[in-house]
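Fold and contact review
In case you want the letters, here they are:
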Amino acid sequence: MPAVVIVGAQWGDEGKGKIVDLYTERAEMVVRYAGGPNAGHTLVVGDEKIVVRLVPSGILRPEARCVMAQGMVVDPSVLAGEIDAIEARGHVTKGRLFVSDRAHVIVPYHPLIDGLREGAAAAGQKIGTTKRGIGPCYEDKAARRGVRVADLFDKARLTELVTRALRAWSPVILDLGGDVPDAHATVEAMSPFAERIKPYVAETSALVDEALERGERVLFEGAQGTMLDVDHGTYPFVTSSSAVSGGACTGAGIGPTRIGRVIGLTKAYATRVGEGPFPTELHDALGERIRVAGGEFGSVTGRPRRTGWLDLPVLRYAARVNGLSGLAVTKLDVLTDLAEIQVCVAYDTPHGRTRDFPEAELAASKPVLMSFPSWGPELAKARTFDALPEAAKRYLGFIAEQVKVAVDVVSVGPRRDETIVLREAF
Ligand code: IMP
């Protein structure tokens, strides 16, 4: 059974929680392969809501095993809190949740540095990070002085690694006006969280491989989105990990031949949280209307998300760098009753019109917009493609034709049943 990867095709927040949950109904294993507590999914359990940042969304499906693979960065205090919250609601996590022994650890100085840097950055140089320590943790990983999950359980080694990292970071912290933390105090502060997560630590690459060998349905849950990928996004306004589908291979330790399908998620419009290019952004009352109707506020930071029109050159780019086999189009209901919907179909650059996203010369380029009629509230009642309003069918048909990728799923409302599945993933 080939694995399925779900990735954000825009700047993240495409409604991954709901679509991953939908596919998880049929998955035996859900694997997160990149990022850390910068992501956020709201899981709905009866009338209760749990927000998870690290644990894969499949955790509330008793039959699914959940893996946090080595491409992730793990904050033990956040993870311990999530495990407590999930168990407090009567869900079993032991034997179902596995954390890679090789994933890198977010040590308290990482969010400290992230916050100090963002605070000190001049206008135009801020990234608008989530301040969760993601960047500094991946920096330590690449600099080969990081702390890995397995190191948490050997105090002498952990103290040595923390001391070494702090030696490298001290001038940075002091320069930013911060206080350099004490290595021993840092290790002591992490100790209770390390003990809490210890029973979940495993060699996850082997676990994923075994599941694939047994023919189980394995779902790779992407975090953030294509345009936030460290290699393929709008650098430097990106996160520090591989959010694209290829990240599932490096982040989970499986080969590309294991992957059968890649589903790209996109909203029917676009949003971005944090700084960086967003050419179709709406700065007016319409942008505000979409923000309110779509509940577009960051799930980790609560920041209002920037809103704008769908950008087809971005989706074409996402189709290319992820090898998309299908699209899941979410939040169509948010555009209900608008006077008109616009879509960016191309860009006018100094060298003429292009259908590609002109990243290198964005400042000198202008989006070319095309108008579409909107639909009425009857959209939310549709449970088949045929039952959708004609205007919505035309809009979806246009996206699929322009991106050259079929629409597999359409979401017409926040509830689980407000979904139209045109093609199953497994
Ligand atoms: P970092 O990942 O906290 O370093 O933030 C880097 C950039 O990625 C910022 O623009 C964040 O707003 C953005 N970002 C990180 N995680 C998410 C996410 O889950 N959804 C949307 N944007 C994100």
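So, here is what we can say about the structure in this document.

Reading guide: rules and limits
- Numbering of residues begins from 1 in every chain and follows the order in which that chain's sequence is written.
- Reporting of local features is limited, given that this is a predicted model, to residues whose pLDDT is at least 70; pairs of side-chain atoms are given and counted only at 80 or more, and all residues count toward the totals for whole chains, interfaces and linings.
- To obtain the side-chain values, all non-hydrogen atoms of the structure were used and water was disregarded.
- Relative accessibility thresholds used throughout: buried, under 20% of the residue-type maximum; exposed, over 50%; partly exposed, between the two (1.4 Å probe, protein chains only).
- Note on conventions: DSSP H or I runs of at least 4 residues are helices, E runs of at least 2 residues are strands, and numbering of each starts at the N terminus.
- Strand pairing follows a simple DSSP-based rule, namely that at least 2 bridges must link the two strands.
- Residues are counted as near a molecule or strand when any one of their heavy atoms sits within 4 Å of it.
- The accessible surface values rely on the Shrake-Rupley method and a 1.4 Å probe; as for residues, cover is taken only from the protein chains in view.
- Three categories are distinguished: nonpolar for Ala, Val, Leu, Ile, Met, Phe, Trp, Tyr, Cys and Pro, charged for Asp, Glu, Lys and Arg, and polar for the others, with Gly belonging to the last.
- Contacts are assigned to residue pairs that have any heavy atoms within 4.5 Å of one another.
- Any pair of nitrogen or oxygen atoms within 3.5 Å is treated as a polar contact; in protein, a donor-acceptor pairing is required on top of that, and neighbouring residues in sequence qualify only through side-chain atoms on both sides.
- For helices, the fitted line uses only the C-alpha atoms of the stretch in contact; every axis is such a line through C-alpha atoms, and the angle between N-to-C directions lies from 0 to 180 degrees.
- An angle below 35 degrees is read as roughly parallel, one above 145 as roughly antiparallel, one from 65 to 115 as roughly perpendicular, and any other as oblique.
- The crossing is said to be left-handed when, going from far helix to near helix, the turn is anticlockwise and less than a right angle, and right-handed when the turn is clockwise.
- Helix span is expected to be 1.5 Å times the residue number reduced by one.
- The directions from the helix axis to the C-beta atoms are what the arc is built from.
- Definition of nonpolar core: a set of buried residues of the types Ala, Val, Leu, Ile, Met, Phe, Trp, Tyr and Cys, connected through side-chain atoms within 4.5 Å.
- For this analysis, a ring pair means two rings from Phe, Tyr or Trp (six-membered ring only for Trp) whose centres lie within 6.5 Å, classed as stacked if their planes differ by under 30 degrees, edge-to-face if by over 60, and tilted for the remaining angles.
- Charge-over-ring contacts are defined here by two conditions on Lys NZ or Arg CZ: a distance within 6 Å of the ring centre and an angle within 35 degrees of the ring normal.

On to the pairing of strand β19 (residues 407–411). Among the five residues in β19, five count as buried, and that is most of the element. Relative to β19, strand β15 (residues 326–330) is paired through three bridges, and the arrangement is parallel. Bridging from a neighbouring strand, A328 pairs with V409 of β19. As judged from the three bridges shared by β19 and strand β20 (residues 419–421), these two strands associate in the antiparallel manner. Each residue of the ladder has a partner; that of S411, found in β20, is T419.

If you check the shell around the ligand, you find 16 residues, and the closest are D13, N38, T130, T239 and V273. In isolation the ligand exposes 470 Å². Once the protein is present, 96% of that is buried. Of the residues assigned to the shell around the ligand, the class counts are seven nonpolar, seven polar and two charged.

With respect to the helices and strands, E82 occurs in helix α2 (residues 76–88). With 57 residues separating them in the primary sequence, E82 and E139 have C-alpha atoms 25 Å apart. If we ignore the near neighbours within four places in the chain, the residues touching E82 are V52, R53, L54 and V55. Within polar-contact distance, the side chain of E82 engages the backbone nitrogen of L54 at 3.1 Å.

Turning our attention to the packing of helix α5 (residues 155–175) against helix α6 (residues 183–197). The N-to-C vectors of α5 and α6 enclose an angle of 130°; their axes lie 9 Å apart at closest approach. By the angle between their directions, the pair α5 and α6 is classed as oblique. With respect to the hand of their crossing, α5 and α6 are arranged in right-handed fashion. Across the interface between the two elements, K155, L158, T159, V162, T163 and L166 of α5 pack against A183, H184, T186, V187, E188 and S191 of α6. Its residues placed into classes, the contact of α5 with α6 shows five nonpolar, five polar and two charged.

Further remarks concern α2. Its 13 residues give α2 an end-to-end C-alpha distance of 18 Å, which sits within 8% of 18 Å, the value for a rise of 1.5 Å per residue. Buried within α2 are the following residues: P76, L79, A80, E82, I83 and I86. The arc that holds every buried residue of α2, seen down its axis, measures 160°, which confines them to one face. Positive backbone phi, at 85°, marks G90, one or two positions downstream of α2.

Judged by nonpolar contacts, the single largest core of 64 residues is most densely connected at F220 and Y395. It is helix α11 (residues 390–403) that provides the largest number of residues to this core, a total of eight residues. In this view, Y395 contacts A268, L310, L335, I341, V343, F372 and W375; residues no more than four positions away in its chain are not counted. A103, V105, L166 and V187 belong to the second largest nonpolar core, which has 38 residues in total.

Residue placement: T330 occurs in strand β15. Here E14 takes part through its backbone oxygen, which lies 2.6 Å from a polar atom of the side chain of T330. If sequence neighbours within four positions are ignored, T330 has contacts with E14, I19, L265, T266, K267, A268 and S411.

Quick look at unusual backbone geometry now. Geometrically, the link from Y235 to P236 is a cis peptide bond, its omega value of 5° lying close to zero. Note that P236 resides in the loop between β10 (218–221) and α8 (246–252). For R144, which is not glycine, the phi torsion reads 60° and is therefore positive. Tracing the sequence through the fold places R144 in the loop between α4 (134–142) and α5. The phi angle at K404 is positive, at roughly 60°, despite the residue not being glycine. Note that K404 resides in the loop between α11 and β19. Look at K404 and you get exposed, because its relative accessible area is 69%.

Here the focus is the packing of aromatic side chains. Applying the stated criterion across every chain, the model contains five aromatic pairs. Summarising the aromatic geometry, the rings of W11 and F278 are spaced 5.2 Å apart at their centres and angled 50° between planes, so their arrangement reads as tilted. One end of the pair, W11, is in the loop between β1 (3–8) and α1 (16–24); the other, F278, is in the loop between β12 (270–272) and α9 (285–293), with 267 residues separating them in the sequence. This pair shows no difference in class: W11 is buried, exactly as F278 is. Each member of the aromatic cluster is reached from another via a ring pair, and the members are F372, W375, Y395 and F398. The ring of W169 has R145 sitting right over it, with the charged end atom 5.1 Å from the ring centre.

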